[in-house]
Number of protein chains: 6
Amino acid sequence: MKRVVTFGEVMLRLCPPGYLRLLQATSLEMTFGGAEVNVAVSLAQLGLDARFVTRLPKNDVAQAFINQVRGLGVDTTKILRGGERMGVYFVEKGASQRASTVLYDRANSAIAEITPDELNWDEIFEGATAFHTTGITPALSDSAAAAAIVGAKAAKERGISVSCDLNYRKKLWSSEKAGRVMGELMPYVDWCIANEEDAETVFGIKAADTNLTSGALSHDGYIEVAQKLVARFPNLKGVAITLRESYSASRNGWSGMLYTDSTAHFSRHYDIDIVDRVGGGDSFAAGLIYSLVNGKSAQDAIEFAIAASCLKHSIIGDFSYIKLAEVETLLKGDGSGRVQR
Amino acid sequence: MKRVVTFGEVMLRLCPPGYLRLLQATSLEMTFGGAEVNVAVSLAQLGLDARFVTRLPKNDVAQAFINQVRGLGVDTTKILRGGERMGVYFVEKGASQRASTVLYDRANSAIAEITPDELNWDEIFEGATAFHTTGITPALSDSAAAAAIVGAKAAKERGISVSCDLNYRKKLWSSEKAGRVMGELMPYVDWCIANEEDAETVFGIKAADTNLTSGALSHDGYIEVAQKLVARFPNLKGVAITLRESYSASRNGWSGMLYTDSTAHFSRHYDIDIVDRVGGGDSFAAGLIYSLVNGKSAQDAIEFAIAASCLKHSIIGDFSYIKLAEVETLLKGDGSGRVQR
Amino acid sequence: MKRVVTFGEVMLRLCPPGYLRLLQATSLEMTFGGAEVNVAVSLAQLGLDARFVTRLPKNDVAQAFINQVRGLGVDTTKILRGGERMGVYFVEKGASQRASTVLYDRANSAIAEITPDELNWDEIFEGATAFHTTGITPALSDSAAAAAIVGAKAAKERGISVSCDLNYRKKLWSSEKAGRVMGELMPYVDWCIANEEDAETVFGIKAADTNLTSGALSHDGYIEVAQKLVARFPNLKGVAITLRESYSASRNGWSGMLYTDSTAHFSRHYDIDIVDRVGGGDSFAAGLIYSLVNGKSAQDAIEFAIAASCLKHSIIGDFSYIKLAEVETLLKGDGSGRVQR
Amino acid sequence: MKRVVTFGEVMLRLCPPGYLRLLQATSLEMTFGGAEVNVAVSLAQLGLDARFVTRLPKNDVAQAFINQVRGLGVDTTKILRGGERMGVYFVEKGASQRASTVLYDRANSAIAEITPDELNWDEIFEGATAFHTTGITPALSDSAAAAAIVGAKAAKERGISVSCDLNYRKKLWSSEKAGRVMGELMPYVDWCIANEEDAETVFGIKAADTNLTSGALSHDGYIEVAQKLVARFPNLKGVAITLRESYSASRNGWSGMLYTDSTAHFSRHYDIDIVDRVGGGDSFAAGLIYSLVNGKSAQDAIEFAIAASCLKHSIIGDFSYIKLAEVETLLKGDGSGRVQR
Amino acid sequence: MKRVVTFGEVMLRLCPPGYLRLLQATSLEMTFGGAEVNVAVSLAQLGLDARFVTRLPKNDVAQAFINQVRGLGVDTTKILRGGERMGVYFVEKGASQRASTVLYDRANSAIAEITPDELNWDEIFEGATAFHTTGITPALSDSAAAAAIVGAKAAKERGISVSCDLNYRKKLWSSEKAGRVMGELMPYVDWCIANEEDAETVFGIKAADTNLTSGALSHDGYIEVAQKLVARFPNLKGVAITLRESYSASRNGWSGMLYTDSTAHFSRHYDIDIVDRVGGGDSFAAGLIYSLVNGKSAQDAIEFAIAASCLKHSIIGDFSYIKLAEVETLLKGDGSGRVQR
Amino acid sequence: MKRVVTFGEVMLRLCPPGYLRLLQATSLEMTFGGAEVNVAVSLAQLGLDARFVTRLPKNDVAQAFINQVRGLGVDTTKILRGGERMGVYFVEKGASQRASTVLYDRANSAIAEITPDELNWDEIFEGATAFHTTGITPALSDSAAAAAIVGAKAAKERGISVSCDLNYRKKLWSSEKAGRVMGELMPYVDWCIANEEDAETVFGIKAADTNLTSGALSHDGYIEVAQKLVARFPNLKGVAITLRESYSASRNGWSGMLYTDSTAHFSRHYDIDIVDRVGGGDSFAAGLIYSLVNGKSAQDAIEFAIAASCLKHSIIGDFSYIKLAEVETLLKGDGSGRVQR
């Protein structure tokens, strides 16, 4: 079984039940999430050996997280214990024209206070085929950024495939700082993942003719973005972009593009009734990594990644409880939702 | 901060969880609702000083209500305490072709047994800019009708803007009695609010070419209704009508018209995935009052009212937990429901 | 009040709340279901005297079931008590492209271990007008098959109308065995009910030009299937087929055909937002039986059955909590879901 | 199976979960309760044919009640349908020194508005052995009182054993009126049931040396009360009194006395950890009726009644889900609560 | 109505349902708590005008708190908005020999980052009779300590009665630092409140002959502690000490002493079955302040404070939902927990 | 870290919330339990390397179990997958005089259908120090009995310490068969664990002067039982007996005896307020194994085992979420339940 290592943040996710707002809530659903751990969980559910590396305090909230993902098959043996707290975020699930909201309380977390030399990359990468991180981890703090860059470099040096999801978060850092720091990370990256906004905000690379709130998408524009990214970071083997058409908080169009070897591969398009879209992009990254690690063709890879992440939108929480067989059923064209007896 | 006074009924609202029917329920969600209090809560969330006046028994169910809306910023200092009970209603949330049902147990409530001279309108209207009531309050009892009429007259005399939502309820009174009593109230009303059925049932004023269950709507018909209302009640400054296209219990079209100064202003149209539509009309009234009190133009007012009430359909319960900034985002054209991080 | 007897299986149904998967669940909603009891409950809600016959162990899980359906007005006086267990099944509710899944644990149940001579059909059929069973009961065990055949034969001999829903379940038996056993039952059947797959898998009778997962349906194909069924089993008075277009797990098209007297009657078509589709076919069977027992015309019967089952899709659980008046409202064309105050 | 008829009130019972107060609640547990229906349910669980007679409106809250008790085996065929509402009460469960509170909203209920001639006692008493009502029903309204008296008289005339629990409720009527009305009912009563306060408040018959809040009880005092009751109402065959020692809302002592044939029989004493004590007295009445109907001796009867009601205190809600075998186990001396595997 | 001002911290309180541990939880009950806000809420429920002053970020979690306590009648108009986060704490409710656990995540909260000059004590103390803070606030940060001391001094200067609960928290500061900082605050304090450990850990003043874990208490020892406190801080008008006998997490003995005018007044002793003991000490402080503000005698004051806090132990959450009438009932000797109908 | 292997059954545990009975339930709490897995989980929480061996079907209910215990740190790598079902049991939690009830549906489970040669004991025992099984596994089926005996023998041969809890279950087998089969297993057992009933029912060895339901216990009697067991099975190194005094379903006395080297060691006695006592005996076994593996003295071992299992009674579910530090705190004498801040 191939090992993939992901490195980054995990937070306690607190969510009012159903469509309640925080101002209405008297209880909160307790799950966990974070871009990099979401990828690890998704990979483990698909059947890979996924190792998640982070830093967590020694308390029972952190232990509850470890127990949960360890139960889901994620290797947690390299998680560092230390620091004072785990980040927390609150999610209000939106519906129709009301957007979902995410309220973060993630400063001063154990992972933000990591020091790069706490991590033993030799041990972490033992047996690994691929490494994944995102633009969130470097945004947490300078030391977290340093750790991510050291990790990516260490992977590169060991011949381990590196993927990175730009994942720009405007509340964590400015686009200027993001551009500078991510610019240091990118030379070690093989596969760059982005949504329709990231490339522009982080690197100033703009998709022509795209109006995000209107949901109108231009295939040519995305190709152009990918071409520019590859031009800027010639080490890139490919650029994957998710194409989300946000009709409303309840319904989205969903498809993706994988640009590699100077060729753009567009996936099938899905219309989705959304249960929970947080983590949707991460399940896409996992689907892509799964495909690359397993040697799928570029077209198969983007189809697999989009199908896997399409299905994730029907799952509550950040984590993707989607099995390989379910992705394959959808890939074969059965999105009919007929009861499986 | 401008003060708006609303006067009328509030009931305990009991609702089976999710889509369960009463015959399936073993617990009931406990909230509160009523046309006039819904308007007050919505205004308070938008940032106005909303004062709600009613009559409630001295018990902990009523106190729970007071605590809740006081917490939401509604001024409850003029609520009278007395009487034996608070009305109760049961809501079954519908889906697809199955309609939501509402079962009322509201007779003999404290507000129905109010006597007009219990209310000190001088104190109630201190600092007030606007007064709102609906056709439900006069329908509760003759004394409640008398109180509403006295209130509207007192407002008019003080130069306070008066709005009234016709809100016909066939289980409370006949259309004949409604027409007679509301006919006494209307001379004090500046802004009349109605849905597509009210004008006809209460005043026999019919929207031509409208088939309610089919959902087909004629703009010309609604203009005609408004014109006839203004002709009948020349004191009216404007008539606002919500235009609901009921495709099913899960999906509605939603728009509105404000007719004033002999001109009809139609809002943008929204397609809504419904979370809870009870209270939708009241959030429209609140949006309209908010707009008028803040001196918006007629077109802006109807756009604001429809956007505010569009968003309310995504909220569980009668109350609209929608903030000003959220309405403004939608008004700017972003109904995409993209996650707000 | 006309009595209808249904005979077959009932299981404990365990379902994670909302859209949670089994791997996420810490509690399970506890209801009951089974093709034949679903029909009985649906008939009782529509106002008929429905008697359900099965075999259940003497324990409090079985008693909880009896209490529930007895409360719903189903006659449980002929239920046998014995055996060791009641079947159990787990339902994961799907959404969008993710299908609902059903996991059965039904072997060795009391009903599977029934012996035909435990049942006193004279007593069971006292006052009965109609008898209904499905292809699930014979699939449970040879003795259950024998009991069902004896029951159908006994009904036929007493001039009681017999209906049977083919309801093929591939995990219970092979299509070969299903064809053989159902072939023994069919000579006693007056009304055969099937979905778009059953006729082919059980009897090898294929609807031409139908691609199930694509959702494309051919009216002519269904007529052909019905004709072939009647040709094979000339005792049949009619064949009813549900036409489900599975756009996704969240949305379906829904209509049906009743073929009788050499004529096919197609119902109106509904687009459904699904709350719970398990039991949808059973509510169709109940609607059809209700119509036949009450002497409706073929066209009215298929319209009634489809409307009744359309509404069931908005109800959580296998049981259809739909009243006669609600079906009649929909039949009159009001599927607008407007609030019933 | 012997039939016992009970006549009186049933209300919707709404209770915050656990130990929450109404001011903290956002949901309410939905059950039903009322002195006379509680007795009927308890008798049905013990295995008797219990028929409950009341008057209920035609709506789904009342239907939910009927479904529930019909499911529990109570005969509901003689329940009248009419009137506008069902009473409602709110229960806050107390703990330690904080008492449980009960808030009633029961005025103008269908049963309070009953007219005595709506009831056909010939049909109601067909096959009946015993009749039970309580002091609550006559307190609801003059017409309800008349109905209860007519019922008791009708039972007496038919040789049916009549029991009545005094059940004084100070919020419903004064002790003066209670004394007068109950004085009209008592001549038809064979078995009078009371707690430690009722005899004094209703008939001014006082237990000497009893301090209720201190929990101190005098056996001689209770004998004296019973003797005085029998002296006042010489038709009485027996007087049963529950002896509750209220240490706190969480713990009670529990025992009882049955005085008959000039002899007082005291039961064993139990110390109870309370789950829900509402309905405890009604389960005692049921246990006594069960015993009398089945010809138990006076000592066995009081032991059975106290054991049955002791066990009820471990059950949530008004209804006693206690089976005959469980009472018998406790009667044999096993109150050890060892797991029954 | 007399106004009492409390100043300090409030945190989001997250608690697994029932007796679940964090490692078992999938949802968390969402309430709020903190020593000083608990006192304010308790006072408001008793009927005083309680004003709570703190600093909170501008987000919906903080707004949910404000709405809740504003609804409970607490004046929130002087709460500062600013900073990044609100503290969070997790409570696992213990039972029997397993202790409740509290896990804090309170660093870097808005209140810890307060600067003393943000507070306008003239406005805050307008109309105030009393001021209360605790040893937790100064422990949060040096600036919070400075603010508390400034506040106490400002109160003293205005002739406002000052009370302070020592409330030592070992995870926030050392006993050395606590002694030093609290030593600066104490000269402005009139009434010092402490539990059995605080005086020793903060000021090294030890209750002789007390073994905390054994639960054995010596009245003489507590008098000695109070005498030593008064000797050290001669401005003190009185010292109040709660005497908790921890038999287990489920059961406690509870009483208290108020030492004033050189005389020790001991309250009645209660044995408590615990629902939630967090906040118990704060409800004692509130009861004491209520008594002092209302001019009760020393003996009445300690009896009232202990009775009020005894009842709080039956309430879930930090806040004491206990009304004046309930305290008075218990003071009159009725702790029987008899149902209040 | 020392490895302990446990072998046996695990079932899906379904439990109505709180004190609800099955007849009241509409949802069931979903956990897992079984004598041997309970021991493994308890050991893992105490910090040992616990490996659990069983046989489970390939479905998501079984996977949910594996995920849960893998998350809790239990080694699940040797669990066999196969068979059709996992056993199920229903628990009604008792209170006061009402006993908890357990309803089993465990026949035909994957573990009951195990064949001894499916298990590779060389692999299973790699690195193992101790092996544990109970009398339940051999009771499931002859092949399960054979597997357990082979396992115990294999452990013995490898010098691995073997413990066995007699755990007699009368619904699974007769005491005659139990005696015969357990007699075959015992020669490989080093440490025999029993409750107060097991030795008598399985081997006819009776504790003199013990009346189980009365709760009276005789120390001498238990010593006598242990002596007789050792006499019968001279390979035994020790016999451990739990001494439960069942005052009621809510309260128990709890202590234990370890007899080894011809000496009886009695533990301290605890009075317990019970949250959930199912699994209490298994946590005792785990505490004993933990002690033996870590070389504690006999007295320390029995104190540790009783303290660990005392704490388990405060935990919901079969599994013991008790950490080593918590046991040690209690062992040091602090059972005061004071809040751990």
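Rules used throughout
- Residues numbered from 1 in each chain as written.
- Chains lettered and ligands numbered in written order.
- Predicted model: local features only at pLDDT ≥ 70, side-chain atom pairs only at ≥ 80, totals over all residues.
- UniProt positions renumbered as here; feature names shortened; annotations may be inferred.
- Helix = DSSP H or I, 4+ residues; strand = E, 2+ residues; numbered from the N terminus.
- Rg over C-alpha atoms; globule rule 2.2 N^0.38 Å.
- Buried ≥ 20, exposed ≤ 12 C-beta atoms within 10 Å, placed from the backbone.
- Contact = placed C-beta atoms within 7 Å.
- Pairing = 2+ DSSP bridges.
- Axes fitted to C-alpha atoms, helices over the stretch in contact; angles between N-to-C directions.
- Parallel < 35°, antiparallel > 145°, perpendicular 65-115°, else oblique.
- Left-handed = near helix turned anticlockwise from the far one by under 90°.
- Nonpolar A, V, L, I, M, F, W, Y, C, P; charged D, E, K, R; others polar.
- Least-squares fit on C-alpha atoms with pLDDT ≥ 70 in both.
- Expected span 1.5 Å × (residues − 1).
- Core = buried A, V, L, I, M, F, W, Y, C linked by C-beta atoms within 7 Å.
- Arc of directions from axis to C-beta.
- pLDDT = per-residue confidence, 0-100.

- An unreviewed UniProt entry annotates chain A as 2-dehydro-3-deoxygluconokinase of Armatimonas rosea.
- You can read under Sequence similarities (unreviewed entry) in the UniProt record for chain A the words "Belongs to the carbohydrate kinase PfkB family."

1. Observations concerning the overall build of chain A
Line of reasoning, step 1. If you tally the helices and strands in chain A, you get 11 helices and 15 strands.
Line of reasoning, step 2. The C-alpha radius of gyration computed for chain A amounts to 19 Å, which stays within 12% of the reference 20 Å derived for 341 residues, consistent with globular compactness.
Line of reasoning, step 3. Looking at the 341 residues of chain A, the share that counts as buried comes to 62%.
Line of reasoning, step 4. Long-range pairs, those at least 24 residues apart, make up 70% of the contacts in chain A between residues at least 6 apart in sequence.

2. Looking at the sheet that holds strand 2 (residues 11-15) of chain B
Line of reasoning, step 1. Spatial ordering of the open sheet is given by 8(B)-7(B)-2(B)-3(B)-3(D)-2(D)-7(D)-8(D), a layout of 8 strands whose pairing is mixed. Single-partner strands in this sheet number two, and they are strand 8 (101-105) of chain B together with strand 8 (101-105) of chain D. Neighbour-to-neighbour, the strand axes of the sheet open up by a mean angle of 30°, direction not taken into account.
Line of reasoning, step 2. With 5 bridges connecting them, strand 7 (residues 87-92) of chain D and strand 8 of chain D associate as antiparallel partners. Its bridge partner being in strand 8 of chain D, Glu92(D) is matched across the sheet by Thr101(D).

3. Section: the packing of helix 1 (residues 35-46) of chain F against helix 9 (residues 280-293) of chain F
Residues and elements named next belong to chain F.
Line of reasoning, step 1. Direction vectors running N to C along helix 1 and helix 9 enclose 50°, while the axes themselves pass 8 Å from each other. When the axis of helix 1 is compared with that of helix 9, the two are oblique. The handedness of the crossing between helix 1 and helix 9 comes out as right-handed. Of helix 9, the residues touching helix 1 (which contributes Ala35, Asn38, Val39, Ser42, Leu43 and Leu46) are Asp282, Ser283, Ala285, Ala286, Ile289 and Tyr290.
Line of reasoning, step 2. For the contact of helix 1 with helix 9, a count of residues per class yields 8 nonpolar, 3 polar and 1 charged.

4. Some points on the interface of chain E and chain B
Accessible area lost on assembly of the parts is the figure often given for the size of an interface.
Line of reasoning, step 1. In this complex, chain E contributes 5 residues to the contact, which on the side of chain B involves 5 residues.
Line of reasoning, step 2. Here the residues of the side of chain E that touches chain B are counted per class, giving 1 nonpolar, 3 polar and 1 charged.

5. Some points on the relation of the copies chain E and chain B
Line of reasoning, step 1. Superposing chain E onto chain B takes a rotation of 180° combined with a translation of 0.0 Å along the rotation axis, leaving an RMSD of 0.0 Å. In symmetry terms, the pair is related by a two-fold rotation axis. Taking C-alpha positions as reference, the residue of chain E nearest the rotation axis is Gly71(E), located at 1.8 Å.
Line of reasoning, step 2. A high fraction, 100%, of the interface residues of chain E reappear at the interface in chain B, so the copies pair face to face through one surface.

6. Remarks on the interface of chain B and chain A
Line of reasoning, step 1. The interface of chain B with chain A comprises 22 residues on the first partner and 25 residues on the second.
Line of reasoning, step 2. Counting only elements with at least two residues in the side of chain B that touches chain A, the list comes to strand 15 (270-273), helix 10 (298-312) and helix 11 (324-331) of chain B.
Line of reasoning, step 3. With 3 residues, strand 15 of chain B is the largest single contributor of residues to the side of chain B that touches chain A.
Line of reasoning, step 4. When grouped by side-chain class, the residues that make up the side of chain B that touches chain A number 10 nonpolar, 7 polar and 5 charged.

7. What to know about helix 9 (residues 280-293) of chain E
Residue and element names in this part refer to chain E.
Line of reasoning, step 1. When the terminal C-alpha atoms of helix 9 are compared, their 20 Å separation across 14 residues agrees well with the 20 Å that a helix rising 1.5 Å per residue should span.
Line of reasoning, step 2. Counting buried residues along helix 9, 13 of its 14 residues qualify, which places the element largely inside the surrounding structure.
Line of reasoning, step 3. Just beyond helix 9, the residue with positive phi is glycine 295, at close to 70°.

8. Comments concerning the nonpolar core
Line of reasoning, step 1. Grouped together as the largest cluster of nonpolar side chains are 753 residues, with contacts concentrated most on Leu43(A), Leu43(B), Leu43(C), Leu43(D), Leu43(E) and Leu43(F).
Line of reasoning, step 2. In this view, Leu43(B) contacts Val4(B), Leu48(B), Ala50(B), Ala286(B), Ile289(B) and Tyr290(B); residues no more than four positions away in its chain are not counted.

9. Focus: the relation of the copies chain B and chain A
Both copies of the chain are related by a screw-like operation: a rotation about an axis and a shift along it.
Line of reasoning, step 1. For the pair chain B and chain A, the superposition axis carries a translation of 0.0 Å, the fit reaches an RMSD of 0.0 Å, and the rotation angle comes to 120°. Such a turn and shift between the copies fits a three-fold axis. The rotation axis passes nearest to the C-alpha of Gly18(B) in chain B, at a distance of 5.0 Å.

10. Here's the deal with helix 11 (residues 324-331) of chain E
Residues and elements named next belong to chain E.
Line of reasoning, step 1. Buried residues of helix 11: Glu326, Val327, Thr329 and Leu330, and no others. Buried residues of helix 11, viewed axially, fall in a sector of 160°; they line one side.
Line of reasoning, step 2. Along its buried surface, helix 11 packs onto helix 10 (298-312).
Line of reasoning, step 3. With its phi angle positive at about 105°, glycine 333 sits one or two positions after the end of helix 11.

11. Quick word on the sheet that holds strand 8 (residues 101-105) of chain C
Two modes of strand pairing occur in sheets, parallel and antiparallel, and in both the strands are linked by backbone hydrogen bonds.
Line of reasoning, step 1. As summarised here, the arrangement of the 8 strands in space is 8(C)-7(C)-2(C)-3(C)-3(F)-2(F)-7(F)-8(F), forming an open sheet in which the pairing is mixed. In this open sheet, the two strands that pair with only one neighbour each are strand 8 of chain C together with strand 8 (101-105) of chain F. Here the strands of the sheet are splayed against their neighbours by 30° on average, with no regard to which way each runs.

12. Description of the packing of helix 10 (residues 298-312) of chain F against helix 11 (residues 324-331) of chain F
All names here are of chain F.
Line of reasoning, step 1. Across the interface, helix 10 lies against helix 11 with an axial gap of 9 Å and an inter-helix angle of 110°. With respect to helix 11, the axis of helix 10 lies roughly perpendicular. Judged by the sense of rotation from one axis to the other, the crossing of helix 10 with helix 11 is right-handed. Residues Glu303, Phe304, Ala307, Ala308, Cys310 and Leu311 of helix 10 pack against Glu326, Val327, Leu330 and Leu331 of helix 11.
Line of reasoning, step 2. Classifying every residue of the contact of helix 10 with helix 11 by side-chain character gives 8 nonpolar, no polar and 2 charged.

13. Some points on the environment of Lys206(C)
Line of reasoning, step 1. Relative to the assigned elements, Lys206(C) resides in the loop between helix 7 (198-203) and helix 8 (219-232).
Line of reasoning, step 2. Measuring from C-alpha to C-alpha, the distance between Lys206(C) and Ala226(C) comes to 9.8 Å, with 20 residues separating the pair along the chain.

14. What to know about the confidence of the model for chain A
Line of reasoning, step 1. On average, residues of chain A score 95 in pLDDT, and 97% of them reach the 70 mark or higher.
Line of reasoning, step 2. For this predicted complex, the interface score ipTM comes out at 0.95, while the overall pTM is 0.96.

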